[in-house]
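Chain by chain, the residues run as shown.
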Amino acid sequence: MKYGYYPGCALHGSSYDYERSVRACMEKLGVELAELDDWICCGATAAHSINRKLATALPARTLAIAERDGFEQVFAPCPMCSMELIKVGNMLKDSESLRTEMSEIVEDTVSGKTEVVNLVQIFQGCGIDELTARAVRKLDGFKPACYYGCLLTRPPKDLKFDDCENPGSMEDLLAALGAEPVRAWNYKTECCGAGLTLADGDSVEDLSYKILSNAKKHGADCMVVACPMCHVNLDMKQSAIEKRFKEKLDLPVYYLSDLVGLALGIDAKTLCIDKHFVKCGV
Amino acid sequence: MKTTTDPDIALVEEIAHTSVADCYQCGKCSAGCPQGQKMDRLPSTLIRMVQYGDVVEASRSAAVWQCVSCLTCSARCPKSVDIAGVLDALKQISIRRKTVHANYQRTVAFQKAFLEILRRNGRTNELEMVVLYKTLGFFGDVSTNPLRSIPSALKDAHLGPAMLLKGKLHVKLGGPLKDKALVRRIFKKCEKKVES
Ligand code: SF4
Ligand code: SF4
């Protein structure tokens, strides 16, 4: 299987660990990733807070590149990127005048026909049976709380992925690989503060504390995420959160690809699990 | 989509691609908002103010910039109002009309720094962003809130070295963009559209 690959800025910068982990899994599974030539940033929160036209044009440029180079499917491991690409793709499909306008702005024809998928969908595409057949290690002993955050499931009318209030696809995947995910807890899709990590640190700590402490209360011994920003807020900020709220949390935060990778027999170092801030005993 | 002759309401609806008149004030958006407890005005209150044409006053709210764009409100609205889109419109209006709440100049500085780097490079780079943002935010604070400016400039300084140690900050990022001029042209065209 071959996908156009859109790493996005985070995976090429501070979330290099996520990129390594994803790539190691794809290699093991024989999924070929071809990085989109000269891709540009999706604009993230900044573009749609300041200039909505730009928030449409930036993802449109990346979609135009995918169309030009003949990729029917693009894999974007960052949910903010994949959401922006999918949303703009749908807007383009719906409006001829927008297609004309955007093709002019991004200087290439863009129609929005590319299918964009997230990390969970990539694993689902491989097939849960195929994954379990290839697994060399059972994930027993892991009791993760799977945290979806905002943009894996929202906006539901664009993403059409899982149940936007009570998703379960990561749990299904990990349970098949032998883990015992915590199914019932309250903050699966609550926001961690995402892009405000630097701009409004207090809000991020308040929100992330609720997520972590609730997961712990419901019996989780680690967290699983599929988003670079969720990882920064729950992992890197965890010690500051513990200090501020005077509560020991001690919850390792794995990317979904970390645990799938371990099950597939990839070692922790290759997956860059040692780069995480909260110590992971694997 | 056009439900109004009031130019301010029309501007919000045009930016947000949604009809604020559809809101019947059930309050569901506010009930689920993760930032609701902190807000000076709730999302449903802001929608009500926009319905009345009180757009500029609404744009002064701290809530506009306290919003974390989580999209919970828009996903749950029984009338399909894109509340998060309306808040984005209010963000943009608050910048244009200079009505950004005094405590959130820093958030705006951050978003602007992000876009400046993007305009130059086509991609963002955390290291550059932290530096640019801290300087922009510092000056923004000094003019509005001098007492807060120094501690805030230092606040995340400790994360830099720790991130470097962990290999979290990569000085050498993925290869640079080949066609940076195209990105600048895209910015220019989009900015022109907004002005007109
Ligand atoms: S959820 Fe929708 S209808 Fe209800 S108050 Fe909010 S905007 Fe209005
Ligand atoms: S998008 Fe903003 S207003 Fe809506 S629920 Fe999230 S934080 Fe609240």
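Check the entry above for the structure.
Calculation notes
- Residue numbers run consecutively from 1 along every chain, following the written order of its sequence.
- As a convention, the first chain written is A and the first ligand written is 1, with the rest following in written order.
- Thresholds applied to this predicted model are a pLDDT of at least 70 for local features of residues and 80 or more for the giving and counting of side-chain atom pairs; totals over whole chains, interfaces and linings are not thresholded and use all residues.
- Side-chain metrics rest on all non-hydrogen atoms present in the structure, leaving aside hydrogens and water.
- If even one non-hydrogen atom of a residue comes within 4 Å of a molecule or strand, that residue is called near it.
- The way it works is that DSSP assigns letters per residue, a run of H or I at least four long becomes a helix, a run of E at least two long becomes a strand, and they are numbered from the N terminus.
- Residues are grouped as follows: nonpolar covers Ala, Val, Leu, Ile, Met, Phe, Trp, Tyr, Cys and Pro; charged covers Asp, Glu, Lys and Arg; every other residue, Gly included, is treated as polar.
- The term salt bridge refers to a pairing of a side-chain nitrogen on Lys or Arg with a carboxyl oxygen on Asp or Glu at a separation within 4 Å.
- Only protein chains enter the calculation, and the probe is 1.4 Å; a residue is then buried if its accessible area is under 20% of its type maximum, exposed if over 50%, and partly exposed in between.
- Working rule for contacts: check all heavy atoms of both residues, and any pair within 4.5 Å makes them a contact.
- Only Phe, Tyr and Trp rings are paired, with Trp represented by its six-membered ring, and only when their centres lie within 6.5 Å; those with planes under 30 degrees apart are stacked, over 60 edge-to-face, the remainder tilted.
- Only when the NZ of Lys or the CZ of Arg is both within 6 Å of the ring centre and within 35 degrees of the ring normal is a charge said to sit over the ring.
- Angles run from 0 to 180 degrees between N-to-C directions of axes, and those axes are lines fitted to C-alpha atoms, restricted for helices to the stretch in contact.
- Working rule for angles: under 35 degrees goes down as roughly parallel, over 145 as roughly antiparallel, 65 to 115 as roughly perpendicular, anything else as oblique.

J.: Would you mind going over the site of ligand 2 in detail, with residue names and values included?
T.: Residue and element names in this part refer to chain B. The environment of ligand 2 is made up of Cys33, Pro34, Pro43, Cys67, Val68, Ser69, Cys70, Leu71, Thr72, Cys73, Ala84 and Leu87. Elements with a minimum of two residues in the shell around ligand 2: helix H6 (72–76) and helix H7 (83–96). Within the shell around ligand 2, the residues separate by chemical class into ten nonpolar, two polar and no charged.

J.: An account of the pattern of salt bridges is needed here, citing residue identities and associated values.
T.: Scanning all chains against the criterion turns up 29 salt bridges over all chains. A salt bridge links A:Asp202 to A:Arg244, with the nearest nitrogen and oxygen atoms 4.0 Å apart. Of the two residues, A:Asp202 is situated in helix H11 (residues 201–217) and A:Arg244 in helix H13 (residues 238–245); the sequence distance between them amounts to 42 residues. For A:Asp202, a relative accessible area of 40% corresponds to the partly exposed category. Judged by relative accessible area, A:Arg244 falls into the partly exposed class, the value being 36%. Here A:Asp206 makes a salt bridge to A:Arg244, at a shortest N to O gap of 2.5 Å. Remark: A:Arg244 occurs in helix H13 and A:Asp206 occurs in helix H11; sequence separation between them is 38 residues. When salt bridges with common partners are traced through the structure, they connect A:Asp202, A:Glu205, A:Asp206, A:Arg244 and B:Lys38 into a single cluster.

J.: Give a description of helix H14 (residues 256–263) of chain A that names residues and reports values.
T.: All names here are of chain A. Counted residue by residue, H14 has eight buried out of eight residues, so it is predominantly covered. Burial in H14 covers these residues: Leu256, Ser257, Asp258, Leu259, Val260, Gly261, Leu262 and Ala263. On its buried face, H14 is in contact with helix H2 (16–29), helix H7 (119–126), helix H8 (128–134), helix H10 (169–176), strand S6 (222–225) and strand S7 (253–255). Two residues or fewer after H14 comes Gly265, characterised by a positive phi angle close to 95 degrees.

J.: Which residues make up the packing of aromatic side chains, and what are the values?
T.: Within this structure, the stated rule accounts for five aromatic pairs over all chains. Ring centres 5.9 Å apart and planes at 45 degrees place the aromatic pair A:Tyr5 and A:Phe75 in the tilted group. Of the two residues, A:Tyr5 is situated in strand S1 (residues 2–5) and A:Phe75 in strand S3 (residues 73–75); the sequence distance between them amounts to 70 residues. Ring geometry for A:Phe142 and A:Tyr254: centres 5.8 Å apart, planes at 80 degrees, overall edge-to-face. Of this pair, A:Phe142 sits in the loop between H8 and strand S5 (144–146) while A:Tyr254 is found in strand S7, placing the two residues 112 residues apart along the sequence. Classification of A:Phe142 by relative accessible area gives buried; the value is 8%. Positioned above the aromatic ring of A:Trp39, the side-chain terminus of B:Arg123 is 3.8 Å from the ring centre.

J.: Could you give an account of the packing of helix H4 (residues 52–68) of chain A against helix H6 (residues 96–106) of chain A, with specific residues and numbers?
T.: Residues and elements named next belong to chain A. Taken N-terminus to C-terminus, the directions of H4 and H6 make an angle of 75 degrees; their axes are 9 Å apart at the nearest point. With respect to H6, the element H4 is oriented roughly perpendicular. Contact with H4, carried on its side by Lys53, Thr56, Ala57, Ala60, Arg61 and Ala64, involves Leu98, Glu101, Met102, Ile105 and Val106 of H6 and no other residues of that element. Partitioned by chemical class, the residues of the contact of H4 with H6 number seven nonpolar, one polar and three charged.

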